[in-house]
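# Descriptive analysis of the structure
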Amino acid sequence: MFRRRDTPRERLVAEIATDLRRYSVDAQHIGHAFANLHGLNATDLQALIAVMDAELADDPLTAGRLGEQLNLSSGSVTALVDRLERAGHIRRDRGATDRRKILLRYADRGVALAVAFFEPLGRRTDAVTAGFSDDELQVVHRFLRAMVESTREHRDEMRTARPDPSRNPS
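Structure report, in brief.

Calculation notes
Residues numbered from 1 in each chain as written. Predicted model: local features only at pLDDT ≥ 70, side-chain atom pairs only at ≥ 80, totals over all residues. Heavy atoms only, no water. Patch = residues over 30% accessible without salt bridge, like charges linked within 9 Å, V, L, I, M, F, W, Y side chains within 5 Å. Areas by Shrake-Rupley, 256 points an atom, 1.4 Å probe, with all protein chains shown as cover. Salt bridge = Lys/Arg side-chain N within 4 Å of Asp/Glu carboxyl O. Helix = DSSP H or I, 4+ residues; strand = E, 2+ residues; numbered from the N terminus. Buried < 20%, exposed > 50% of the residue type's maximum accessible area, 1.4 Å probe, protein only. Phe/Tyr/Trp six-rings, centres within 6.5 Å; stacked < 30°, edge-to-face > 60°. Polar contact = N/O pair within 3.5 Å; in protein donor to acceptor, adjacent residues only side chain to side chain.

We now examine a nonpolar patch on the surface. Together, L12, I16, V140, F143, L144 and M147 make up an exposed nonpolar region whose accessible area comes to about 450 Å². Those elements that provide at least two residues to the nonpolar patch are α1 (8–37) and α6 (134–160). A total of four residues in the nonpolar patch trace back to one element, the largest contributor, which is α6. For L12, the location among the structural elements is in helix α1. By relative accessible area, which is 47% here, L12 ends up partly exposed.

Rendered as structure tokens:
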């Protein structure tokens with residue numbers, strides 16, 4: 001992070017890392033604004049994003065998979081799903097092939113709230129991407145996918161890391 005950047009490539013990599021960090025922080029602020037507007041907490045927002053991503057991939061989540069993704073206990077996931085369902089953000093559907101399986105999906109109200117809030121950002125995103133060729137977008141996509149994977153690997157390592165008792169400040 002804080003190391004010398006002597007070559008043009010090193011400076012470019014540093015600028016990209018800074019831009020990613022700024023984008024991440026600004027995106028979090030936007031997400032928190034949506035959450036605050038609709039009485040959601042940070043975990044609620046993470047859950048809604050996970051449900052949306054799963055639906056977009058045509059692989060809806062079960063409560064168990066949601067808990068794995070968010071690193072939550074089954075009791076916490078049940079309370080979370082109940083809360084989001086009561087608020088009209090998500091719904092529970094039975095699986096088409098296995099009726100015992102309960103799938104989490106966006107509810108119509110939740111979709112309407114998200115679209116109303118995020119549509120202006122979507123238009124801005126469309127305007128930005130219009131300035132890039134298909135080939136350039138392919139490179140950006142490949143880069144971002146690799147960064148997402150790298151970040152998730154680091155996140156998962158941090159989740160499983162045991163705290164070092166010698167670093168306890170008390």
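Here the focus is the environment of T78. By the element assignment, T78 lies in helix α4 (residues 74–86). The partly exposed category is assigned to T78, whose relative accessible area is 42%. A sequence separation of 77 residues divides T78 from R155, and the C-alpha atoms of the two residues are 23 Å apart.

Throughout the structure, instances matching the rule amount to three aromatic pairs. The interplanar angle of 40° and the centroid separation of 5.2 Å between the aromatic rings of F34 and F118 together place this pair among those described as tilted. With F34 in helix α1 and F118 in helix α5 (residues 108–129), this pair connects stretches of sequence that are 84 residues apart. Judged by relative accessible area, F34 falls into the buried class, the value being 3%. For F118, a relative accessible area of 28% gives the class partly exposed. Each ring, one from F117 and one from F118, has its centre 4.7 Å from the other, and the planes form 75°; the classification is edge-to-face. Aromatic ring contacts, followed pair by pair, group F34, F117 and F118 into a single cluster.

With that settled, consider the pattern of salt bridges. Taken as a whole and assessed by the stated rule, the structure comprises ten salt bridges. For E55, the salt bridge is made with R105, and the minimal N-O distance between the two is 3.8 Å. Separated by 50 residues along the polypeptide, E55 in helix α2 (residues 42–56) and R105 in strand β2 (residues 102–106) bring together distant segments of the chain. Two residues, D156 and R155, come together in a salt bridge whose shortest N-O distance is 3.0 Å. Connected via shared salt-bridge partners are E55, R91, D93 and R105.

Take the side chain of T62 next. Counting through the fold element by element, T62 comes out in the loop between α2 and α3 (63–70). Of the polar contacts made by the side chain of T62, one reaches the backbone nitrogen of R65; its length is 3.2 Å.

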